[in-house]
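# Understanding the architecture of this molecule
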Number of protein chains: 2
Amino acid sequence: MVYRVFLPAITLGLAVGYFGCPIAARAQATGASTTTKHFDRKELPQYDAFIRTLFDSSLLSGQSWPLLTALCKEVGHRLTGSEGAAKAVLLTRKQMLGMGYDSVWLQPVQVPVWKRGAPEQAKLMVTSPGMGRIKKEDQIDLAVLALGGSVATPMEGIRAEVIEVSSLEELKNLPNAQVKGKIVFINQKMDARYINTFESYSHCASIRVQGAVEAAQKGALAVLVRSLTLSIDSFPHTGMMVYRDSIPRIPAAAVSTIHADYMHVQRLLGKKIEVHLQLNCSNHPDTLSYNVVGQITGSLYPDRYLTLGGHLDSWDVGEGAHDDGAGCVHSMEAARLLMVCGYKPRHSIRTILYMNEENGMRGAREYARLARVNQESHLASIESDRGGFSPREFHVEADSQRIELLQPMLGPLMDYGIHRIRKGGSGADVAQMRDQCALLMGFVPESQRYFDYHHAHTDVLESVNRRELELGSAALATLLFLLDQE
Amino acid sequence: MVYRVFLPAITLGLAVGYFGCPIAARAQATGASTTTKHFDRKELPQYDAFIRTLFDSSLLSGQSWPLLTALCKEVGHRLTGSEGAAKAVLLTRKQMLGMGYDSVWLQPVQVPVWKRGAPEQAKLMVTSPGMGRIKKEDQIDLAVLALGGSVATPMEGIRAEVIEVSSLEELKNLPNAQVKGKIVFINQKMDARYINTFESYSHCASIRVQGAVEAAQKGALAVLVRSLTLSIDSFPHTGMMVYRDSIPRIPAAAVSTIHADYMHVQRLLGKKIEVHLQLNCSNHPDTLSYNVVGQITGSLYPDRYLTLGGHLDSWDVGEGAHDDGAGCVHSMEAARLLMVCGYKPRHSIRTILYMNEENGMRGAREYARLARVNQESHLASIESDRGGFSPREFHVEADSQRIELLQPMLGPLMDYGIHRIRKGGSGADVAQMRDQCALLMGFVPESQRYFDYHHAHTDVLESVNRRELELGSAALATLLFLLDQE
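The model shown is predicted, which means the values in this text are computed figures rather than measured ones.

## Side note on the overall build of chain A
- When helices and strands are tallied, chain A shows 15 helices and 16 strands.
- A buried classification covers 55% of the 486 residues belonging to chain A.
- Considering only contacts within chain A whose residues lie at least 6 apart along the sequence, 81% involve residues at least 24 apart.

Structure representation (structure tokens):
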């Protein structure tokens, strides 16, 4: 292999005090031990060689796949507060203890507990106007999942006529009388035209998050939302929803896209549709859970932190393989790759597996709170929560000037499929550090398949491609390495 | 949506005579009908808008998925000369006749016929040295596929001891006496370190193509090669192999990676391994088949051609979904998108579905021969034969200067995931036009998953992601559109 020479020196302008100061001189100035391996000026051409080593190591003998296999198959799904989440804390702590971190610890955090209870039931009944009694052949079982945080229906369920709307806007404009006593079905499709599917998602997610509030305000008894996926299939996709204090709490569930289309067609045919919906979910008192944190202590600046994390909790279906088992594995494996390839970071590198991203963000808030209390200085907070697909971009929440200063990193990354570093959302967990960290970054892999699996039974190990996952781990190790040169 | 203004004018330098000449002026000079819609200078900002329209159309109402579904599920696999291939010719001709091409025709071509015959049998027998008779528990059925073009074994099969080598080089260096009378097992792994898996493939493919020649030269009775995939699984991957006239033709088959690893471990344990191999394949006289060609006749330069094609034949396992159903669909759908979006090309655009790429290249050779005989002028020959994954790059076989002139195209393509236009292999079919066309291009999608499916039972419709396929069709429509501005 031919290694390109990587020049000019990476001066990312992250640490104002050290900006532009040659690495070797800095090491001397701070009196760092000469036995610690650092790249000095003479070694700059080796940056590319070291990045090659990180990728080779990940692709030839990486642990991404075994780590994710254990999380998916030994633990499985792991909703905050569940037995699965507790197991995941123990498993990943044990995995990290075996990797050579300088320290691994649990960060206690009180988390909400929501339980799905017995499986949902939803029966759809279709009648032609004036045709009287419903025959058996006019009934089908809808594939639904209660939304996270939803209240249950009464034990006997709720049976009501369904009124369909294609957006929250349309719902808001309906007269209350048309909605009162009905089940509102919000059938808004994710817009397929966005090239990055996360944009489609963010333009449509409010139907799931706000649907119950808007429907209840009009007197609806329950709400069904079309699953947030671009795939037309039989899997409902759950996810977080909210209530508002002054507004009645009505049950809320997602329905598969195939069934959403079916209901839509029945209405186009002039049929009357009713649904009998039974949800058995329940909210419980907060309980104790943990963030899992590992640290490689920096040789030069032990009190300055580069963090990379994903969230350990998942929804309670599938195995949370892409969301966010992949992000947890990326984070652990990126640190492990740096260690196993003999790299001694200058700054402290932390792997953070956040608890409760899906329905509360309590873990990330607690991490941020402690960082504030302990007056920790964070150089960069990086998140991987967009699945285990092939690397494509890094998103940065920072001002344009700072983003410009990061562009030299593209040189070494381009050959590994990372083609852009640009302004964009970082991630829900690191966003909690917004006031304390000037550089929030998000890993952005190829997005086309993500919402086929997101929050659904399909998000299992088998939906992850081993090499794509391994490339992500190496790309993130490279990002940590490059940021650490500052 | 906001459309960026696309400036400066695209002057790709393809057509020397017209280089740098504004489009409107050219139209005037050639006296083209004013009713034909062309982009003139005032319309340049609309380039981006039109590209957006191509992508929107592909993602919202494209035919990529139905076209591929029909090819995979109504026809299935379609080895050259087989009933499947004949059906595929009829199906795609019918599909193209319904799309609005100015003409669709079949290009007759004599093709080779090779038949797999009854399924292969391979029994592996493992014995510890000095342990005598083989017990039943020491036998397993190996997952093998005869390589394309292989001769059969004698009816009763070949039973022989297996000698393992890790490369052709190692085989060449063995004394003939060690190889004579044995079955050679070439267990070279594809190198996982290449980021683009096609590089791994091209560095390893000679074990499959040349293995039988090298083994026979040393007196081997048959050859088994490790399947060319980076995945460790139970699916053998077939593909083309060759014989050399002066050297005995010995049977050749691919073995799954799981079984290759198993045999390797048995040898490490000091066991003796034998294989009883039975292949039932046969070569037959050439038969008549066809390339399928569709043409949208150019409004300004009807005698100058932009071609885009994939190959219609596949191996005789799976459904040839990625290889190369996807490329056929890309080619038809790109042309259809241009038509349905109201674009009247200036040059003639041809969709070519080549027959016999996999084991003979006869279709592409015949197309090239006729183009030469008819003195057709080809501006660009584009190929899609790397699967239906997310678009990433275009590869160009041309000199550096010409590649430089193509770079302005990246502006409009960047937002759709195409990040590079660079020197690289175009494709086996368009390479037949090398002497007659100065611009050969290949579509390069994300490569990580391709060899999980390549030439194996797993290459079925379900291994294709609908959106990824649709993005490829739109990217190729965009490439045709941009090249047509020259």
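## Looking at the environment of Ser289 of chain B
Residues and elements named next belong to chain B.
- Its place among the elements puts Ser289 in strand S10 (residues 282-296).
- A C-alpha to C-alpha distance of 16 Å links Ser289 and Asp429, two positions 140 residues apart in sequence.
- Aside from chain neighbours lying at most four places away, what touches Ser289 is Thr80, Gly81, Ala85, Val89, Val109, Val111, Met355 and Asn356.

## Things to note about the sheet that holds strand S16 (residues 440-445) of chain A
Residue and element names in this part refer to chain A.
- Taking strand neighbours across the sheet as the criterion, the eight strands line up as S1-S10-S12-S11-S13-S16-S14-S15 in an open arrangement whose pairing is mixed. The sheet is open, and its two edges are formed by strand S1 (103-115) and strand S15 (420-423), each paired on a single side. The sheet shows a mean angle of 25° between the axes of neighbouring strands, taken without regard to direction.
- Note that strand S11 (residues 301-311) and strand S12 (residues 347-354) share eight bridges and pair parallel.

## What to know about the relation of the copies chain A and chain B
- For the pair chain A and chain B, the best superposition has an RMSD of 0.0 Å and corresponds to a rotation of 180° with a translation of 0.0 Å parallel to the axis. Such a combination of turn and shift is consistent with a two-fold rotation axis. Using C-alpha coordinates, one finds that chain A approaches the rotation axis most closely at His419 of chain A, a distance of 3.3 Å.
- When you check the interface residues of chain A against chain B, 100% turn up at the interface there too, and the contact is symmetric in its surfaces.

## Details of the interface of chain A and chain B
- Between chain A and chain B, the residue contacts involve 18 residues of the former and 18 residues of the latter.
- Those elements giving two or more residues to the side of chain A that touches chain B turn out to be helix H2 (46-61) and helix H15 (466-484) of chain A.
- The greatest single-element share of the side of chain A that touches chain B, amounting to three residues, is contributed by H2 of chain A.
- Of the residues belonging to the side of chain A that touches chain B, the class tally is six nonpolar, five polar and seven charged.

## Some details on the domain arrangement of chain A
Residues and elements named next belong to chain A.
- According to the domain assignment, chain A consists of domain 1 (16-113 + 285-484) and domain 2 (121-280).
- Relative placement of domain 1 and domain 2: their C-alpha centres are 37 Å apart.
- At the interface, 15 residues of domain 1 touch 17 residues of domain 2.

## A few points about the packing of helix H10 (residues 321-340) of chain B against helix H15 (residues 466-484) of chain B
Residues and elements named next belong to chain B.
- Across the interface, H10 lies against H15 with an axial gap of 8 Å and an inter-helix angle of 55°. One way to sum up the angle between H10 and H15 is to call them oblique. Crossing hand, H10 versus H15: right-handed. Each of Ala326, Val329, His330, Glu333, Ala334, Leu337 and Leu338 in H10 lies in contact with H15, whose residues at this interface are Leu469, Gly472, Ser473, Ala474, Leu476, Ala477, Leu480 and Phe481.
- Across the contact of H10 with H15, the residue classes tally to 11 nonpolar, three polar and one charged.

## Things to note about the packing of helix H3 (residues 64-75) of chain A against helix H4 (residues 83-97) of chain A
Residues and elements named next belong to chain A.
- Two elements in contact, H3 and H4, have axes separated by 10 Å at closest approach and are oriented at 150°. Considering their axes alone, H3 and H4 lie roughly antiparallel with respect to each other. Here H3 runs over H4; the crossing is right-handed. Touching Leu67, Ala70, Leu71, Glu74 and Val75 of H3 are Gly84, Lys87, Ala88, Leu91 and Gln95, all from H4.
- Of the residues belonging to the contact of H3 with H4, the class tally is six nonpolar, two polar and two charged.

## Focus: the environment of Glu199 of chain B
- Tracing the sequence through the fold places Glu199 of chain B in helix H7 (residues 197-204).
- Taking the C-alpha atoms as reference, Glu199 of chain B lies 31 Å from Gly84 of chain B; in sequence the two are 115 residues apart.

## Considering H15 of chain B
- Taking 1.5 Å per residue, 19 residues should reach 27 Å; H15 of chain B reaches 27 Å between its end C-alpha atoms and fits that length.
- Taken across its 19 residues, H15 of chain B has 19 buried, putting it largely inside the fold.

## Things to note about unusual backbone geometry
- The omega torsion across Asp323 of chain A and Asp324 of chain A is 0°, close enough to zero to call that bond cis.
- Turning to its location among the elements, Asp324 of chain A is positioned in helix H10 (residues 321-340).
- Non-glycine residue Gln375 of chain B carries a positive phi angle of around 50°.
- Note on placement: Gln375 of chain B falls in the loop between helix H11 (362-373) and strand S13 (377-383).
- Here Gln375 of chain B falls in the exposed class, since 8 other C-beta atoms lie within 10 Å of it.

## Considerations on the environment of Ala212 of chain B
All names here are of chain B.
- Position of Ala212 among the secondary structure elements: in helix H8 (residues 206-217).
- Residue Ala212 is classed as buried on the basis of its C-beta count, with 30 C-beta atoms lying within 10 Å.
- Sequence-wise, Ala212 and Arg244 are 32 residues apart; in three dimensions their C-alpha atoms are separated by 9.2 Å.
- Setting aside residues up to four positions removed in sequence, Ala212 forms contacts with Val223, Met241, Tyr243, Ile250 and Ala252.

## Some words on the sheet that holds strand S8 (residues 252-255) of chain B
Residues and elements named next belong to chain B.
- Judged by pairing direction, the sheet is mixed, and its eight strands sit side by side in the order S3-S2-S9-S5-S6-S7-S8-S4 without closing on themselves. Of all strands in the sheet, those with a lone pairing partner are strand S3 (139-141) and strand S4 (144-146), marking the two edges. Sheet twist, expressed as the average angle between the axes of neighbouring strands with direction ignored, equals 30°.
- As judged from the four bridges shared by strand S6 (residues 183-186) and strand S7 (residues 222-226), these two strands associate in the parallel manner.

## Some remarks on the confidence of the model for chain A
- Averaged over all residues, the pLDDT of chain A equals 91, while 90% of them reach at least 70.
- Interface confidence in the predicted complex, given as ipTM, is 0.90; pTM for the same model is 0.91.

## Focus: the pairing of strand S14 (residues 391-397) of chain A
Residue and element names in this part refer to chain A.
- Among the seven residues that make up S14, seven are buried, leaving the element largely enclosed by the rest of the structure.
- Summarising the sheet, S14 and S16 pair through six bridges and their orientation is antiparallel. Within S16, the position partnered with Phe394 by the bridge is Phe443.
- Looking at chain direction, S14 and S15 are connected through four bridges and run parallel. Bridge pairing in S15 links Phe394 to Ile421.

## Some details on the pairing of S13 of chain B
Residue and element names in this part refer to chain B.
- With respect to burial, S13 is a largely interior element, six of its seven residues being buried.
- By the bridge criterion, three bridges tie S13 to strand S16 (residues 440-445) in an arrangement that is parallel. Within S16, the position partnered with Ser381 by the bridge is Leu440.

How each quantity is defined
Residues numbered from 1 in each chain as written. Chains lettered and ligands numbered in written order. Predicted model: local features only at pLDDT ≥ 70, side-chain atom pairs only at ≥ 80, totals over all residues. Helix = DSSP H or I, 4+ residues; strand = E, 2+ residues; numbered from the N terminus. Buried ≥ 20, exposed ≤ 12 C-beta atoms within 10 Å, placed from the backbone. Contact = placed C-beta atoms within 7 Å. Pairing = 2+ DSSP bridges. Axes fitted to C-alpha atoms, helices over the stretch in contact; angles between N-to-C directions. Least-squares fit on C-alpha atoms with pLDDT ≥ 70 in both. Nonpolar A, V, L, I, M, F, W, Y, C, P; charged D, E, K, R; others polar. Domains from an automatic or database assignment. Parallel < 35°, antiparallel > 145°, perpendicular 65-115°, else oblique. Left-handed = near helix turned anticlockwise from the far one by under 90°. Expected span 1.5 Å × (residues − 1). pLDDT = per-residue confidence, 0-100.

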